[in-house]
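In case you want the letters, here they are:
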Amino acid sequence: MSGDPAAEKARVRALVRKLLAAFSAEAQAAESARARALLLRQSVWESAATVLFYAPLPGELDIWPLLTTAMQAGKRVALPRFDPATGMYEPALVIDPACDIVLGKHGVREPSQACARVRGNEIDLVLVPGVAFDFRGFRLGRGKGYYDRLLPMLSGIKCGVAFEHQLVPRLPVEPHDYRLDCILTPARWIVVEPG
């Protein structure tokens, strides 16, 4: 690993994106279904009253079908919504996905401005996308820092969501990088050891 964390992060992003590009749509769909099934068996899912989802972008593990599953189970569902006044994302409640979700500023599906904001201490489980994750619970995002600023405001269990080939032994870490509590892949549920 080089001494420059930014350069090393760029190298890891390029490597993982190359692996994702070679991953067929059919394989992504099958692996996403396996990961969703594994998540449904976890106690943190069962006990969560409010779940902050993410709207998957191309190449990200697709947890989107679980929005309906969560709602049918009586859970409150939220998604990050961009706030142009602060330049940050905030959690907002989704009641009816067909009506409440719009295409946001960055081309990501998000709750409309009519949806109520959810306080960070009301969220029990946060599903977090990323480009890569390591076994210490650190994540490598797309480089804009939106999740690095959002995660400290949320009190729930933070769970990275990734395909198996997005796991790396060790990521370069900078002071703003946030450590997650667990990681979900299609093959395993990884609980991050504290410390």
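Structure report, in brief. Keep in mind that what you see is a predicted model, and the values were worked out from it rather than measured. (Residues numbered from 1 in each chain as written. Predicted model: local features only at pLDDT ≥ 70, side-chain atom pairs only at ≥ 80, totals over all residues. Heavy atoms only, no water.)

Every α-helical turn comprises 3.6 residues, leaving residues that sit three or four positions apart pointing alike. Its 17 residues give helix α1 (residues 5-21) an end-to-end C-alpha distance of 24 Å, which sits within 8% of 24 Å, the value for a rise of 1.5 Å per residue. Turning to α1, its buried residues number three or more, namely Glu8, Lys9, Val12, Arg13, Val16 and Leu20. On an axial view of α1, the arc spanned by its buried residues comes to 140°, and they lie on one face. Among the exposed residues of α1, those pointing more than 90 degrees away from its buried face are Lys18 and Ala21. Two or three places before alanine 6, at the start of α1, stands the capping residue aspartate 4, its side-chain oxygen 3.2 Å from that residue's backbone nitrogen. (Helix = DSSP H or I, 4+ residues; strand = E, 2+ residues; numbered from the N terminus. Expected span 1.5 Å × (residues − 1). Buried < 20%, exposed > 50% of the residue type's maximum accessible area, 1.4 Å probe, protein only. Arc of directions from axis to C-beta. Polar contact = N/O pair within 3.5 Å; in protein donor to acceptor, adjacent residues only side chain to side chain.)

Following the criterion strictly, the structure yields five aromatic pairs and no others. When the centroid spacing of 5.9 Å and the interplanar angle of 85° are considered together, the rings of phenylalanine 82 and tyrosine 146 count as edge-to-face. Of this pair, phenylalanine 82 sits in strand β2 (residues 76-83) while tyrosine 146 sits in helix α6 (residues 146-150); the two residues are 64 residues apart in sequence, bridging distant segments of the chain. For tyrosine 146, a relative accessible area of 22% gives the class partly exposed. Its end group placed over the ring of tryptophan 45, lysine 75 keeps NZ or CZ at 5.3 Å from the ring centre. Here the basic side chain of arginine 109 rests over the ring of tryptophan 64, its NZ or CZ set 4.0 Å away from the ring centre. (Phe/Tyr/Trp six-rings, centres within 6.5 Å; stacked < 30°, edge-to-face > 60°. Lys NZ or Arg CZ within 6 Å of the ring centre and 35° of its normal.)

Here we take up helix α2 (residues 25-40). Here α2 is 16 residues long and its end C-alpha atoms lie 23 Å apart, about the 22 Å a rise of 1.5 Å per residue gives. Along α2, the residues that are buried comprise Gln28, Ser32, Ala35, Arg36, Leu38 and Leu39. All buried residues of α2 lie within an arc of 160° about the axis, which places them on one face of the element. Buried residues along α2 sit against α1, α3 (43-47), α4 (66-72), β6 (125-128), β11 (182-184) and β12 (189-191). (Contact = heavy atoms within 4.5 Å.)

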